[in-house]
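Examining the three-dimensional arrangement
What follows is each chain in one-letter form.
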Amino acid sequence: MRQRQRRTFARLFGSLVLVAAAGLTSIGTSAAPAAADGPRPLGQIVPVPADVSPGGSPYTIGSATRIRVTPGEPEVQRIGAYLAAVLRPSTGYALPITGATGGDGIRLLLGADDEGLGDEGYRLTSAKGSVTVAANTPAGLFHGVQTLRQLLPANVEKKTKQAGPWKIAGGTITDAPRYAYRGAMIDVSRHFFTVAQVERYIDQLALYKINELHLHLSDDQGWRIAIDSWPRLATYGGQTQVGGGKGGFYTKADYQAILDHAASRYMEVVPEIDTPGHSNAALASYAELNCNGVAPPLYTGTHVGFSSLCVPKEVTYAFFDDVVREVAAMTPGRYLHIGGDEAQSTSKEDYDTFMTRAQPVVHKYGKTVMAWHQIVDATPIPGTVAQYWGTTGDEANVAAAAQAGTKLIMSPANRAYLDMKYDAKTTLGTNWAGYVEVDKSYSWDPDTFVKGVPARAVLGVEAPIWSETLSTSAQIEYMAFPRLQGIAELGWSPASTHDWTAYKARLAQQGPRMSALGITYYRSPLVPWV
Ligand code: TNX
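Criteria and cut-off values
Residues numbered from 1 in each chain as written. Predicted model: local features only at pLDDT ≥ 70, side-chain atom pairs only at ≥ 80, totals over all residues. Heavy atoms only, no water. Disulfide = S-S within 2.5 Å. Helix = DSSP H or I, 4+ residues; strand = E, 2+ residues; numbered from the N terminus. Buried < 20%, exposed > 50% of the residue type's maximum accessible area, 1.4 Å probe, protein only. Domains from an automatic or database assignment. Contact = heavy atoms within 4.5 Å. Buried area = accessible area lost by both parts, 1.4 Å probe. Salt bridge = Lys/Arg side-chain N within 4 Å of Asp/Glu carboxyl O. Polar contact = N/O pair within 3.5 Å; in protein donor to acceptor, adjacent residues only side chain to side chain. Nonpolar A, V, L, I, M, F, W, Y, C, P; charged D, E, K, R; others polar. Pairing = 2+ DSSP bridges. Axes fitted to C-alpha atoms, helices over the stretch in contact; angles between N-to-C directions. Core = buried A, V, L, I, M, F, W, Y, C linked by side-chain atoms within 4.5 Å. Phe/Tyr/Trp six-rings, centres within 6.5 Å; stacked < 30°, edge-to-face > 60°.

What about the state of the cysteines?
- All chains considered together, the criterion is met by one disulfide.
- Paired by a disulfide, Cys 291 and Cys 310 hold their sulfur atoms 2.0 Å apart. Judged by the sign of its S-S torsion, about 100°, the bond between Cys 291 and Cys 310 is right-handed. Of this pair, Cys 291 sits in the loop between α7 (280–285) and α8 (314–330) while Cys 310 sits in the loop between α7 and α8, and the two are 19 residues apart along the sequence.
- Classification of Cys 310 as buried rests on a relative accessible area of 3%.

Structural data, given as structure tokens:
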């Protein structure tokens with residue numbers, strides 16, 4: 001799929017790519033800000049688009065601007081409303097949404113009839129009379145709308161009326177992602193985060209074209225999703241968290257609210273139930289799940305590797321089947337993540353036995369298995385996706401599995417883990433994978449990070465944020481931003497655009513935008529913030 005998309009893209013835009021790469025370098029490195037009330041240079045956004053052709057007059061949003069959406073398409077109408085909700089408070093303009101076709105205004109058009117744009121790409125054309133976003137799919141339009149947002153001054157993100165002008169530079173952006181999977185994970189187990197907090201994070205991720213939200217729903221410290229057939233998992237196993245706070249869990253309605261919000265941002269939710277280790281919350285909730293029949297106490301510390309489901313007991317599989325059935329039934333997405341990391345209290349034989357029985361259960365309920373990359377030491381079934389979280393890139397077992405057909409999501413901990421400290425002065429986070437400054441987080445290639453992995457095995461990237469030390473949205477945001485943008489760019493932008501100097505100049509432009517959105521980000525000394 002990705003290959004097909006790449007080939008098609010290369011065929012249609014092949015000749016443009018070299019031109020674009022040259023153009024992008026100058027966009028990225030030009031430190032000169034736009035003239036006082038001129039538009040920001042086309043393409044000075046994150047992630048950088050695949051192809052940028054600046055030229056012609058800018059479009060200026062004014063009091064008469066309408067948002068014109070393809071008639072008879074409720075989803076396009078909804079994307080128009082989403083865009084209007086961003087633009088109306090800050091511009092102060094009415095920006096009526098109309099299904100009427102016309103050549104002027106902001107136009108969101110479904111049916112770009114351009115194979116090269118694929119399932120998520122878009123074309124944005126800006127000229128004196130109009131700015132048009134065209135795509136094959138609503139997802140493509142949504143991503144194009146994020147580009148449009150970023151082309152406007154940062155103040156557009158504010159919730160009160162701001163001074164314009166609201167100009168979008170003239171020219172054309174033709175854009176489609178490098179990888180189909182561009183994820184972020186939030187650990188709601190070590191500390192619980194409410195639906196509203198998760199929705200806030202979703203909104204922030206959407207601005208950078210992230211399209212997968214991985215929810216780490218269970219761990220030693222808390223079980224966070226209601227399971228009707230095993231109710232104590234949530235009601236008992238969810239009642240605390242690291243440090244002993246009150247924890248919490250999502251009811252099925254809460255989970256549905258997260259799914260709905262994610263879907264409205266064209267994000268697929270990947271639920272994770274971590275097994276057979278990281279399972280103390282489940283073991284504490286049901287004594288029969290323990291080999292010795294005794295429930296351990298709830299756990300509020302931060303050690304890993306001490307818990308295991310009881311592999312020889314049949315009840316373990318009844319439990320797993322019920323949980324997977326319910327989670328799968330609630331989840332429209334393709335994937336169900338079964339963890340599998342750091343099972344240090346499970347013997348190798350038991351780990352194999354468990355994974356051999358567990359994977360077909362996920363399959364039976366219609367989902368593709370995702371698991372942390374330790375699954376390659378058991379036997380991944382065809383289709384299973386392994387999430388790489390190593391640091392060396394020298395894991396022969398992962399390379400062998402990838403050569404044999406296992407697909408990979410790349411989350412190297414010393415690049416993509418958003419809970420790693422930036423440097424020795426960072427008070428939040430951990431540093432078991434080292435310090436990860438903004439340049440380090442950006443400076444790697446998902447296709448080549450693990451030696452011997454063929455590029456065709458790499459489905460994409462994911463930036464996990466583990467929450468042992470993080471309990472508020474402000475803390476999540478301080479650790480995520482601005483590293484999240486780098487992972488998002490690695491996921492979206494062509495490898496040919498990869499360049500730290502150009503990237504940091506574009507990232508610097510995101511500072512005022514994040515501030516306008518109320519994101520307290522880490523002001524890395526490596527970035528020339530504006
Ligand atoms: C490793 S990576 C873990 C998590 C921790 C994280 C902290 C992985 C799959 N497991 O249990 O929260 O490190 O950075």
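A few points about the domain arrangement of the protein chain
- Taken domain by domain, the protein chain consists of domain 1 (2–175) and domain 2 (181–494).
- The centre of domain 1, based on its C-alpha atoms, is set 34 Å off from the matching centre of domain 2.
- Counting residues at the interface gives 23 residues for domain 1 and 19 residues for domain 2.
- Taking both partners together, domain 1 and domain 2 bury about 1800 Å²; carbon and sulfur atoms supply 55% of that area.
- Applying the counting rule to domain 1 against domain 2 returns one salt bridge.
- Two residues, Arg 182 and Glu 120, come together in a salt bridge whose shortest N-O distance is 2.7 Å.
- At the junction of domain 1 with domain 2, the criterion picks out nine residue pairs in polar contact (both at pLDDT 80 or more).
- No other element matches the eight residues that helix α3 (residues 138–151) contributes to the side of domain 1 that touches domain 2.
- In terms of residue class, the side of domain 1 that touches domain 2 is built from 11 nonpolar, five polar and seven charged.

A few points about the environment of Tyr 351
- By the secondary structure assignment, Tyr 351 is in helix α9 (residues 348–364).
- In the structure, Tyr 351 is positioned 43 residues away from Ser 308 in sequence and 9.6 Å away in space, judged by C-alpha atoms.
- Excluding anything up to four places from it in sequence, Tyr 351 contacts Pro 276, Gly 340, Ala 343, Thr 346, Gln 374, Ile 375 and Ala 378.
- A polar contact of 3.5 Å, which involves the side chain of Tyr 351, links it to the backbone nitrogen of Ile 375.

Digging into the pairing of strand β7 (residues 130–135)
- Among the six residues of β7, six are classified as buried, and the element is accordingly described as predominantly covered.
- Side chains of β7 alternate between two faces, with Ser 130, Thr 132 and Ala 134 and Val 131, Val 133 and Ala 135 buried alike.
- The sheet contact formed by strand β5 (residues 105–110) and β7 spans six bridges and is parallel. In the sheet register, Arg 107 faces β7, and the bridge partner there is Thr 132.
- Two elements, strand β6 (residues 122–126) and β7, share four bridges in a ladder whose sense is antiparallel. Across the sheet, the residue bridging to Arg 123 is Ala 134, located in β7.
- The hairpin turn running from β6 into β7, its antiparallel successor, is three residues long.

Some remarks on the sheet that holds strand β15 (residues 335–339)
- Strand order in the closed barrel formed by eight strands is β10-β11-β14-β15-β16-β17-β18-β19, and the pairing between neighbours is parallel. Strand-to-strand twist across the sheet, computed as the mean angle between neighbouring axes with direction ignored, equals 30°.
- Sheet topology places strand β10 (residues 181–187) next to strand β19 (residues 458–465); six bridges connect them, and they run parallel. Looking at β19, one finds that Tyr 181 is bridged to Gly 460.

So, the environment of Pro 39
- Here Pro 39 shows up in the loop between α1 (2–29) and β1 (51–54).
- It is 8.8 Å that separates the C-alpha atoms of Pro 39 and Gly 170, two residues lying 131 residues apart in sequence.

Topic: the nonpolar core
- In this structure, Ile 106, Leu 108, Leu 213, Trp 223, Tyr 250, Phe 319 and Leu 484 are the most contacted members of the largest nonpolar core, which totals 140 residues.
- Aside from chain neighbours lying at most four places away, what touches Leu 484 is Ala 184, Leu 205, Tyr 208, Ile 210, Leu 418 and Ala 463.
- One finds Trp 372, Trp 389, Tyr 417 and Val 436 within the second-largest nonpolar core, a separate group that totals nine residues.

Regarding the pattern of salt bridges
- Throughout the structure, instances matching the rule amount to 23 salt bridges.
- Put simply, Asp 104 and Arg 68 hold a salt bridge, and the shortest N to O gap is 2.9 Å. Of this pair, Asp 104 sits in the loop between β4 (97–98) and β5 while Arg 68 sits in strand β3 (residues 67–69), placing them 36 residues apart in sequence.
- By relative accessible area, Asp 104 is classed as partly exposed at 34%.
- In this structure, the salt-bridge partner of Asp 203 is Arg 265, at a minimum N-O distance of 2.7 Å. Of the two residues, Asp 203 is situated in helix α4 (residues 195–206) and Arg 265 in the loop between α6 (252–264) and β14 (268–275); the sequence distance between them amounts to 62 residues.

Some words on the side chain of Asp 219
- Here Asp 219 lies in strand β12 (residues 218–219).
- At a separation of 2.7 Å, a polar atom in the side chain of Asp 219 contacts the side chain of His 278.
- Those residues in contact with Asp 219 that lie beyond four places of it in its chain are Ser 189, Arg 190, Asp 274, His 278, Asn 280 and Ala 281.

Points about the packing of aromatic side chains
- By the definition in use, this model includes 25 aromatic pairs.
- Considering the side-chain rings of Tyr 317 and Phe 354, the 6.0 Å spacing of their centres and the 35° angle between planes classify their relative orientation as tilted. With Tyr 317 in helix α8 and Phe 354 in helix α9, the pair connects residues that are 37 residues apart, well separated along the chain.
- Judged by its relative accessible area of 0%, Phe 354 falls in the buried class.
- Geometrically, the ring pair formed by Tyr 422 and Tyr 478 is edge-to-face, given 6.0 Å between the ring centres and 85° between the ring planes. With a gap of 56 residues between them, Tyr 422 in the loop between α11 (413–416) and α12 (438–442) and Tyr 478 in helix α13 (residues 473–480) connect regions that are remote in the sequence.
- For Tyr 422, a relative accessible area of 1% gives the class buried.

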